[in-house]
Amino acid sequence: MSTSSDTTATAQSAADQQDQMPQSEVTRLGDLSSYKSIAFILLCSCGLAMGIAYAFGIPIFGTRLLEGQYYWFFIGIFTAAAFIALPARTGQTNLPIYDIAAAVLALGISMWFSTHAWDIVQAGWVNIPGGIILWLLMLEMARRSGGIPFLLVVLLLGLYPIIADRFPGLLMGIPYDFDRMIEAHVFRHEGMMGITTKIVAEIILGFLVFAGVLIATGAGEFFIDLANAGFGKYRGGPAKVSIVASGFFGSLSGSIFSNIAGTGSITIPTMKRVGYPPHYAGAIEACASTGGVVMPPVMGAIAFVMAITIGVDYATVMVAAILPSLLFYFGLMLQVDAYAARKGLTGASQDQLPSARAVLLRGWPFLSVLVFLVWGLLYMRWEYYAPWYACAMMIALSFLRRDTMMTPRRLIETLRQIGILVTQTAAIILPIAFVVSALTITGVTGSVTSGLVALGGDNVYLIIALGVLACFIMGMAGLAIVAYIFLAVTLAPAIIKIGGLNEVAVHFFIIYYAMLSVITPPVGAAAFLAATIAGAKPMKTSFTAMRLGVVIYFVPLFFLFQPALVLQGDLTPLIYVLPSIIIGIILLSGGLEGYLLGVGHVRRVLRLPLAAAGFAFSFPGLMTTLIGGAVSAGLVALIWMNNKKRELPAQ
């Protein structure tokens, strides 16, 4: 294709992006020069400055920030930013007086609490009225960020300590009165001063900033153009582009929500234009972005937590994630391919797509940053500091091209983009502190998990089934990383001891099922965010994402029983296990979507049997593989003959 065609395609892509952004932006900030946008940028800039000062130990007015001080600054600033950016109802563009009051209250109370940070830790200082106000503000922020279902989960589970002693059996916990509950939720490390705030304010803040810089410098467009060059010509091209672009972008950002915001704002409208329903387009992006958490090299904060928990280096975790993440995306790609084949959705013509060579020449700075980030994470072991250094490198490289250099206006746009990513993420994660606190202070988390293990007795399969249930319950009730921490301490040792299973495989098993909660109803926070961009119903999008991700739900079972899939132990079984899994996933996808790759349409009555046979064939066990293979062969032959009969009248 000619250079002029490349230029035209790139210009059109940029124009499309400009057209889509106002519709896809989930805030009400408006233009860059609006008073809402200015106030938001100022707030977020202060929050980011505090984050940099705390991360690198830079004194402010001659004094380094205490952990509690910084946490309260972060909570106050980004809660206030959320009330400015996130509307109370769909379509609201103005900033009403009650939102201004809420922002001022959140900021003022948090700043006041920050002055007592030392007393809160050392002397147990509390202020219940202020804590109640902040609790109510957090609940409203949960409603705006995740909708009514998310609010109900946060509210009802957060209130559980009040009636914990009235539940039977495993659900019975230590009761708390309302004041003590607020004290734990707001002022103690079990709640807002604990792991949830640490995750968003320390562990992933640098990655969110890095994601914002990538978006502002055109990385989203680059990854989409690169995916278009490779996959745009195939049937259902936009959906496949969404999957590949989200995989690339997730490899760098390590954040589900920034992934959805960065690539979904472009790919979701494109998918809708070629015929994908809004809920289906949102579900594809949610699933694809979820895979970024387990996609090397970054994999999000949960990879660092896992490495610390099991006492291995980050490189071990990253290498172990390679095959599961590839199977993750392979299954999703097959699902959307089958849907496109069944609905007759075609790809773009070659003259509408950019040249791969031209895209790579234009985007080499992004690939250089990827190499630098991997080097910093694996060789230099910078961990949380790596994305900050990568940000500096990306900003420096941006000056090599006029259309990416950090002009004053682009810098302001970058700060706003970063602020949106951090605010959206904080609005989802911070209210989860109440759920974590409620489960912790009542002691119910340990009792439920231990009880599930006890129910399984010595049957490792039953324990694993109950473990899957525990992962889903805790994952849907809260943050995946928090669910992993609890289950890694309580459930993982029992599974390893009773089943004699590989430690790394067991921990990845827990990560996968806890992680999938972000696309699983009733919470499905990632699906909700994608639904907002797509203009679809959140619950419908979440259920569709769950169906699309059915293949992904099975992958953890495969590597749990065959640790070679996470590159642990003897790798010889990969010679026969990996091909059976790949074929099984093809069969499973064909059954779920009604179209089998290379064979054709699957009659409705054969879809469920084909999916079940594909799962059995892919499961790493000799007997199940043989039975599944025999049944699959018969079903494939029957499907092939059915399609041949359909073609005969046309000949």
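Remember, predicted model here, so these are calculated numbers, not experimental data.

A. Seen up close, the overall build of the protein. Each helix and strand counted, the protein has 30 helices and two strands in total. Here the protein has a C-alpha radius of gyration of 25 Å; the compact-globule value for 651 residues is 26 Å, and the two agree. Over its C-alpha atoms, taken along the principal directions, the protein stretches across nearly 80 × 70 × 45 Å. Residues classed as buried in the protein amount to 60% of the 651 residues present. Nonlocal contacts in the protein, meaning residues at least 24 apart in sequence, comprise 75% of its contacts between residues at least 6 apart. Carbon and sulfur atoms make up 67% of the accessible area of the protein, which totals about 25200 Å².

B. Representation of the nonpolar core in the model. Within the largest apolar cluster, 202 residues are counted, with the highest numbers of intra-cluster contacts made by Tyr276, Phe508 and Phe509. In this structure Phe509 touches Ile464, Val468, Ile495, Pro556, Leu557, Phe559 and Leu560, once residues within four positions along its chain are discounted. One finds Leu587, Ala613, Leu635 and Ile639 within the second-largest nonpolar core, a separate group that totals nine residues.

C. Just unusual backbone geometry, in detail. Of note in the backbone geometry, Phe61 takes a positive phi value of approximately 55° without being a glycine. For Phe61, a relative accessible area of 85% puts it in the exposed group. Not every positive phi belongs to a glycine, and Leu567 is a case in point at roughly 55°. Within the secondary structure, Leu567 is located in the loop between helix H27 (550-561) and helix H28 (574-593). Residue Leu567 is classed as partly exposed on the basis of its relative accessible area, which comes to 30%.

D. Expanded view of the packing of helix H2 (residues 35-55) against helix H19 (residues 408-429). At a minimum axis distance of 9 Å, the contact between H2 and H19 shows a crossing angle of 75°. The angle between the axes of H2 and H19 places the two elements in the roughly perpendicular class. Note on element contacts: H19 touches H2 through Ile412, Leu415, Arg416, Ile418, Gly419, Ile420 and Thr423, opposite Ser37, Phe40, Ile41, Cys44, Ser45 and Leu48. Residue composition of the contact of H2 with H19, grouped by class: eight nonpolar, four polar and one charged.

E. Broad picture of the pattern of salt bridges. In the structure shown here, the tally under the stated rule is 12 salt bridges. Between Arg188 and Glu183 there is a salt bridge whose closest N-O contact spans 2.8 Å. Overall, Glu183 belongs to the partly exposed group, its relative accessible area being 24%.

F. Representation of helix H3 (residues 67-85) in the model. Taking 1.5 Å of rise per residue, the 19 residues of H3 would be expected to cover 27 Å, and the 27 Å separating its terminal C-alpha atoms lies within 8% of that figure. Across the 19 residues of H3, 17 count as buried, placing the element largely inside the fold.

G. Fine view of the state of the cysteines. Going through the model one piece at a time under the given rule, you end up with zero disulfides. Note on Cys44: no disulfide assigned, nearest cysteine sulfur contributed by Cys46 at a separation of 9.2 Å. The class of Cys44 is buried, set by a relative accessible area of 1%.

H. The packing of aromatic side chains, seen in detail. On inspection of all chains with the given rule, the structure shows 38 aromatic pairs. Aromatic pair Phe561 and Phe619: ring centres 5.5 Å apart, planes at 50°, arrangement tilted. Taken together, the residues Phe561 in helix H27 and Phe619 in the loop between helix H29 (604-618) and helix H30 (622-647) connect sequence positions 58 residues apart. The class of Phe619 is buried, set by a relative accessible area of 15%. Three or more aromatic residues link up through ring pairs in this structure, and these residues are Phe56, Phe372, Trp375, Tyr379, Trp382, Tyr385, Trp388 and Tyr389. Of note, Arg180 hangs over the ring of Tyr176, and the distance from its end group to the ring centre comes to 4.2 Å.

I. Region of the structure containing a nonpolar patch on the surface. Side chains of Ile52, Phe56, Ile58, Tyr385 and Tyr389 sit close together on the surface and give an oily, nonpolar patch of about 400 Å² of accessible area. Its place among the elements puts Tyr389 in helix H18 (residues 386-398).

J. Representation of the packing of helix H9 (residues 205-216) against H19 in the model. Remark: H9 packs on H19, axes separated minimally by 8 Å, with the N-to-C direction vectors making an angle of 135°. Accordingly, the angle class assigned to the pair H9 and H19 is oblique. For H9 against H19, the interelement crossing comes out right-handed. For the pair H9 and H19, the contacting residues are Leu205, Leu208, Val209, Ala211, Gly212, Val213, Ile215 and Ala216 in the first and Arg410, Thr414, Gln417, Ile418, Leu421, Val422 and Thr425 in the second. Residue composition of the contact of H9 with H19, grouped by class: 10 nonpolar, four polar and one charged.

K. Focus on the side chain of Ser589. With respect to the element layout, Ser589 can be found in helix H28. Non-local contacts of Ser589, meaning those with residues more than four positions away in its chain, are made with Gly331, Leu334, Gln335, Val551 and Gly594.

L. Just the environment of Gly584, in detail. Mapped onto the elements, Gly584 comes out in helix H28. Along the sequence, Gly584 and Gly628 sit 44 residues apart, while their C-alpha atoms lie 8.7 Å from each other. With residues near it in sequence (within four places) discarded, Gly584 still touches Gly614, Phe617 and Ser618.

M. Here's a closer look at the environment of Met393. Topologically, Met393 is positioned in helix H18. A residue is classified by how much of its surface remains accessible, and Met393, at 24% relative accessible area, is partly exposed. Expressed as a C-alpha distance, the spacing of Met393 and Ile203, which sit 190 residues apart in the sequence, is 20 Å. Not counting residues within four places of it along the chain, the set of residues in contact with Met393 comprises Ser368, Val369 and Phe372.

N. Looking closely at the environment of Leu151. Tracing the backbone through its elements, the reader meets Leu151 in helix H6 (residues 128-158). The buried category is assigned to Leu151, whose relative accessible area is 17%. Separated by 247 residues in sequence, Leu151 and Ser398 have C-alpha atoms that sit 41 Å apart. If sequence neighbours within four positions are ignored, Leu151 has contacts with Leu139 and Arg143.

O. Structural view of the side chain of Gln562. With respect to the helices and strands, Gln562 occurs in the loop between H27 and H28. Under the relative-accessibility criterion, Gln562 is labelled buried at 13%. In this structure Gln562 touches Pro573, Val577 and Pro620, once residues within four positions along its chain are discounted.

P. A look at the confidence of the model for the protein. Residues of the protein with pLDDT of at least 70 account for 91%, and the chain-wide mean is 84. For the stretch residues 1-25, pLDDT sits under 50, and the model shows 29 contacts to residues farther than four places along the chain or on other chains.

Here is what the cut-offs are and how they apply
- Residues numbered from 1 in each chain as written.
- Predicted model: local features only at pLDDT ≥ 70, side-chain atom pairs only at ≥ 80, totals over all residues.
- Heavy atoms only, no water.
- Helix = DSSP H or I, 4+ residues; strand = E, 2+ residues; numbered from the N terminus.
- Rg over C-alpha atoms; globule rule 2.2 N^0.38 Å.
- Buried < 20%, exposed > 50% of the residue type's maximum accessible area, 1.4 Å probe, protein only.
- Contact = heavy atoms within 4.5 Å.
- Areas by Shrake-Rupley, 256 points an atom, 1.4 Å probe, with all protein chains shown as cover.
- Core = buried A, V, L, I, M, F, W, Y, C linked by side-chain atoms within 4.5 Å.
- Axes fitted to C-alpha atoms, helices over the stretch in contact; angles between N-to-C directions.
- Parallel < 35°, antiparallel > 145°, perpendicular 65-115°, else oblique.
- Nonpolar A, V, L, I, M, F, W, Y, C, P; charged D, E, K, R; others polar.
- Salt bridge = Lys/Arg side-chain N within 4 Å of Asp/Glu carboxyl O.
- Expected span 1.5 Å × (residues − 1).
- Disulfide = S-S within 2.5 Å.
- Phe/Tyr/Trp six-rings, centres within 6.5 Å; stacked < 30°, edge-to-face > 60°.
- Lys NZ or Arg CZ within 6 Å of the ring centre and 35° of its normal.
- Patch = residues over 30% accessible without salt bridge, like charges linked within 9 Å, V, L, I, M, F, W, Y side chains within 5 Å.
- Left-handed = near helix turned anticlockwise from the far one by under 90°.
- pLDDT = per-residue confidence, 0-100.

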